Amino acid sequence: MADTSKTVAATLPINTILDGDCIERMNALPAESVDLIFADPPYNLQLKGDLHRPDNSHVDAVNDHWDQFDSFRAYDDFTKAWLKAAHRLLKPNGAIWVIGSYHNIFRVGATLQDEGFWLLNDVVWRKTNPMPNFRGKRLTNAHETLIWASKSEKSKYTFNYEALKALNEGVQMRSDWVLPICTGHERLKDEKGDKAHPTQKPESLLHRVMVATTNPGDVVLDPFFGTGTTGAVAKMLGRDYIGIEREAAYRKVAEARLARVRKFDSDAIQVSKSKRAEPRIPFGQLVERGMLRPGESLTSLNGRYTAKVRSDGTLVRKDVTGSIHQVGAALEGAPSCNGWTYWHFKRDGKTVPIDQLRQQLRKELF
């Protein structure tokens, strides 16, 4: 049977910004060809006029034509069309992130479910430096909401749990993310010195999304590419990107930005993985390859017990035999035991856990 995955990969315009309508562009790409979609669609803010501060100075708010829709029905029809195209594009185990404000995210969330996506989490991005509420008639809008969803309920989506835990100083990552908005050196400017895009997202937000839910070499598509934050972070982290952006001014800024981005080296883009995700190495393979010899003695972590290695990869101590886990558990009178960290061997006068041999073998085999 022919391998079609290579053919699909060859036809994808990876690491490219496509111009034109995102729905038409997505529908023209091969089905089931993308690992992740990050979407920052128009918010449909429904601004009725210019926004001013108390001193009557003008606020540079989002009033661009691409954020204006005639009605909620028109916005819902647009949302359904691009999400349907996105669903078709995702691989069976693919996933999508959509970010929005209170103006649109609830409508988008309902449509996600209508189109067959399976909601995994909603994440609150709490901004450390939000824009104040100038009119003083509402609460300061200090957050945006992201929805993370897999293509279907049965999708085996990517989630690098250990990597996120490492990012969070060893503590399980929560669904409220405290990050600053895009300011200072990261805020891109146009030729006039004005903001190149009114809703440019910070790279820290995309970094967390990609570290959490993609792997190096994955294809990430952004149908509302703007000034290219998704592409910039993808390139740095060794992912491939496809951007779609109909506004020529944004494409120009994004292309210049991406040309300046340097990919991290192969070691730097790797992330912490769960032990369960690592390739399984039977203890017997260490014996087969001569890394441990039949008859060699292993010592328990606490130094109280020894056991001999047998030729079939089991251990024996007096009348107790079995796997490295079973013998350790029996000797300690415990319901279970991780034999890889419990048993140690001697080399050059040093006591070394047998897990070191397992890691060495993993590097050789995978």
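Residues numbered from 1 in each chain as written. Predicted model: local features only at pLDDT ≥ 70, side-chain atom pairs only at ≥ 80, totals over all residues. Heavy atoms only, no water.

Caption draft 1: The arrangement of the confidence of the model for the protein chain in detail. Confidence in the prediction of the protein chain, expressed as mean pLDDT, is 87, and 88% of residues score 70 or more. Long-range and interchain partners of residues 47-54, a stretch whose pLDDT sits below 50, account for 18 contacts in this model, where long-range means more than four residues apart. In the model, residues 56-62 has pLDDT below 50 throughout and makes 19 contacts with residues more than four positions away in sequence or in other chains. (pLDDT = per-residue confidence, 0-100. Contact = heavy atoms within 4.5 Å.)

Caption draft 2: Just the packing of aromatic side chains, in detail. All told, the structure shown has 11 aromatic pairs when counted by the stated rule. For the ring pair tryptophan 82 and phenylalanine 224, a centre distance of 5.2 Å and an interplane angle of 85° mean the geometry is edge-to-face. Residue tryptophan 82 is found in helix α3 (residues 72-89), and its partner phenylalanine 224 is found in the loop between β7 (219-222) and α7 (229-236); the two are separated by 142 residues along the sequence. We classify phenylalanine 224 as buried; its relative accessible area is 15%. An angle of 15° between the planes, with centres 5.9 Å apart, marks the rings of phenylalanine 225 and tyrosine 241 as stacked. (Phe/Tyr/Trp six-rings, centres within 6.5 Å; stacked < 30°, edge-to-face > 60°. Helix = DSSP H or I, 4+ residues; strand = E, 2+ residues; numbered from the N terminus. Buried < 20%, exposed > 50% of the residue type's maximum accessible area, 1.4 Å probe, protein only.)

Caption draft 3: Region of the structure containing the nonpolar core. In this structure, Trp97, Leu146, Trp177 and Leu205 are the most contacted members of the largest nonpolar core, which totals 33 residues. Membership of the second largest hydrophobic core comes to 30 residues, among which are Leu83, Ala86, Val108 and Ile242. (Core = buried A, V, L, I, M, F, W, Y, C linked by side-chain atoms within 4.5 Å.)

Caption draft 4: Geometry of the environment of tryptophan 118. Relative to the helices and strands, tryptophan 118 is located in strand β4 (residues 118-127). The spatial distance from the C-alpha of tryptophan 118 to the C-alpha of tryptophan 148 is 8.6 Å, given a sequence separation of 30 residues. For tryptophan 118, the contacting residues outside a window of four places in its chain are Trp148, Ala149, Ser150, Lys151, Ser152 and Glu153.

Caption draft 5: Spotlight on the side chain of glutamate 245. Turning to its location among the elements, glutamate 245 is positioned in the loop between β8 (240-244) and α8 (248-260). Within the buried core, glutamate 245 has no salt-bridge partner, and the shortest N-O distance to an opposite charge, that of arginine 246, equals 5.9 Å. Engagement of the side chain of glutamate 245 in a polar contact is seen with the backbone nitrogen of glycine 226, the distance being 2.7 Å. (Lys, Arg positive; Asp, Glu negative; His and termini not counted. Salt bridge = Lys/Arg side-chain N within 4 Å of Asp/Glu carboxyl O. Polar contact = N/O pair within 3.5 Å; in protein donor to acceptor, adjacent residues only side chain to side chain.)

Caption draft 6: Focus on the pairing of strand β10 (residues 306-309). As paired elements, strand β9 (residues 297-300) and β10 share 3 bridges and run antiparallel to each other. Across the sheet, residue threonine 299 finds its bridge partner in β10, namely threonine 306. Sheet analysis places β10 next to strand β11 (residues 315-317), joined by 2 bridges and oriented antiparallel. Within β11, the residue paired with valine 309 across the bridge is leucine 315. Linkage of β10 to β11, two consecutive antiparallel strands, is achieved through a turn of 5 residues, within which glycine 313 is found at a positive phi near 85°. (Pairing = 2+ DSSP bridges.)

Caption draft 7: Structural detail: the sheet that holds strand β3 (residues 90-100). Spatially, 8 strands are ordered β1-β8-β7-β2-β3-β5-β4-β6 in an open sheet, and the strand pairing comes out mixed. Every other strand in the sheet has two partners, leaving β1 (16-18) and β6 (176-179) as the edge strands with one partner each. Shown here is a sheet whose adjacent strand axes are inclined to one another by a mean of 20°, direction ignored. Those strands touched by helix α6 (residues 203-213) are β2 (34-39), β3, β4, β5 (143-150), β6 and β7, and its axis lies near 140° from that of β6. (Axes fitted to C-alpha atoms, helices over the stretch in contact; angles between N-to-C directions.)

Caption draft 8: Structural context of the sheet that holds β9. On the basis of which strands lie adjacent, the open sheet formed by 6 strands has the order β12-β11-β10-β9-β13-β14 and antiparallel pairing. Edge positions in the sheet fall to β12 (320-322) and β14 (350-353), since each of these pairs with one other strand and no more. Taken over all neighbouring pairs, the strand axes of this sheet differ in orientation by 35° on average, direction set aside. Strands β11, β12 and β13 (343-347) of the sheet are contacted by helix α10 (residues 324-332), whose axis makes an angle of about 150° with β12.

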